[in-house]
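Listed below are the residues making up each chain.
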Amino acid sequence: MTIRGDVVEGIIVKGLGGLYDIRFNDGRLVCCKAKGVFRHEQIKPMIGDWVEISTDAGGNQVIESIGTRRSLLIRPPIANVEVLFIVLPSSDPAPDLLTADKLISIAECNHIEPVIVITKSELSPETADSLAQIYETCGFSVFSVSSNTSEGIDDLRAYITQHLQGRIAAFAGASGVGKSTLMNALFPTMKLETGEVSRKTSRGRHTTRHVQLFSLTEITDGAEEGYIADTPGFSMLDFVRFDFYDKEELPWLFREFEPYLNTCRYTGCTHTAEEGCAVLAAVREGRIPVSRHQSFLQIYGDIKDKKPWNSK
């Protein structure tokens, strides 16, 4: 906790209806509003923001300023994340690789390290192994876990406590993939609300509805300061409505493409259908997983003709 005169620094851990819960390093929580100037400047405080709190003339504590952001995600809406745990189920619902790959590309664009977590591994071990192979081939850290049998839970918890000291991490994925159940298995004191998957829609019901940060010092034994975020589930990322990145950046956000990007026959290759494309050759030869290139094609189709616009 940093104090300068009557100004105190903390981190936004929750925000609802214009009210923000600010946590100080000593564990104290303060609920307050942001100064009106932020609204006039079209700046919105985000979960994960480091902020300075001051006391106004009426004796009310308010957010005085927002610190420089290391990163900013639109979906899920959170600032200063350094690690994004992208959750994929092996079954129930079927794994949505396109949503996972969209999340990975957004993380890569924001210099956030993606980590793949395959949940419900007991339901379909073969699918879990197949998913792990896809993402390990691409160079990602992968964990295969089961919240029911506890398989892999200790390994993932050890990774979190060892790698997230002083950092913010978030769990993200489509609705119903088991994020909240997984986080309860990792950190039983969190007691997050969980829900069943609708048989009709294959989506989660009664699950997380807002982003919230949890302090590692409060949910683990002896961990140093750091934060874990639970995020709402969703089944799509709107690349038409939001400007996540442009089509020129896209190939570089698939890390397994990088060795081939400057070796195509033609300058300006889109890596979609051109003769002499080194990326397509790598896909045919099994060096790039087919599912990853299919996701690339889907995202490219979404953004290739789109004009940038202000998504705030």
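To be clear, the structure that these remarks concern was listed above.
Residues numbered from 1 in each chain as written. Predicted model: local features only at pLDDT ≥ 70, side-chain atom pairs only at ≥ 80, totals over all residues. Heavy atoms only, no water.

Peer 1: I'd like a rundown of the pairing of strand 9 (residues 83-89), residues and numbers included.
Peer 2: Counting buried residues in strand 9 gives 7 out of 7 residues, a clear majority hidden from the surface. Because side chains alternate across strand 9, one face comprises the buried residues Val83, Phe85, Val87 and Pro89, and the other comprises Leu84, Ile86 and Leu88, equally buried. Sheet topology places strand 9 next to strand 10 (residues 113-119); 7 bridges connect them, and they run parallel. Paired with Leu88 across the bridge in strand 10 is Ile118. Two elements, strand 9 and strand 12 (residues 168-172), share 4 bridges in a ladder whose sense is parallel. (Buried < 20%, exposed > 50% of the residue type's maximum accessible area, 1.4 Å probe, protein only. Helix = DSSP H or I, 4+ residues; strand = E, 2+ residues; numbered from the N terminus. Pairing = 2+ DSSP bridges.)

Peer 1: Before we move on, can you summarise the nonpolar core with the specific residues and values?
Peer 2: Note that soluble globular proteins tend to have their nonpolar side chains buried in a common cluster. Among the nonpolar cores identified, the biggest contains 65 residues, and Ile22, Ile63, Ile78, Ile116, Tyr135 and Leu213 are the most heavily contacted of them. With 6 residues, the single largest contributor to this core is helix 2 (residues 97-109). When near neighbours in sequence (up to four residues on either side) are disregarded, Tyr135 contacts Leu88, Leu97, Ala100, Asp101, Ile104, Ile116, Phe140, Val142 and Arg292. If you look at the next biggest cluster of nonpolar residues, it comprises 26 residues, including Val83, Phe143, Val145 and Ile219. (Core = buried A, V, L, I, M, F, W, Y, C linked by side-chain atoms within 4.5 Å. Contact = heavy atoms within 4.5 Å.)

Peer 1: Would you mind going over unusual backbone geometry in detail, with residue names and values included?
Peer 2: At the junction of Asp92 and Pro93, the peptide bond is cis and its omega measures out at 5° in the coordinates. Here Pro93 lies in the loop between strand 9 and helix 2. Of note in this structure, Lys120 is not a glycine but carries a positive phi near 55°. Tracing the chain through its elements places Lys120 in the loop between strand 10 and helix 3 (125-137).

Peer 1: Outline the packing of helix 2 against helix 3, supporting the account with residue identities and numerical values.
Peer 2: The interhelical angle for the contact between helix 2 and helix 3, taken along N-to-C directions, is 25°, at an axis separation of 13 Å. Classified by the interaxial angle, the pair formed by helix 2 and helix 3 is roughly parallel. Here the hand of the crossing between helix 2 and helix 3 comes out right-handed. Residues Leu97, Ala100, Asp101 and Ile104 of helix 2 lie in contact with helix 3, whose contacting residues are Leu131, Ile134 and Tyr135. Counted by class, the contact of helix 2 with helix 3 contains 6 nonpolar, no polar and 1 charged residues. (Axes fitted to C-alpha atoms, helices over the stretch in contact; angles between N-to-C directions. Parallel < 35°, antiparallel > 145°, perpendicular 65-115°, else oblique. Left-handed = near helix turned anticlockwise from the far one by under 90°. Nonpolar A, V, L, I, M, F, W, Y, C, P; charged D, E, K, R; others polar.)

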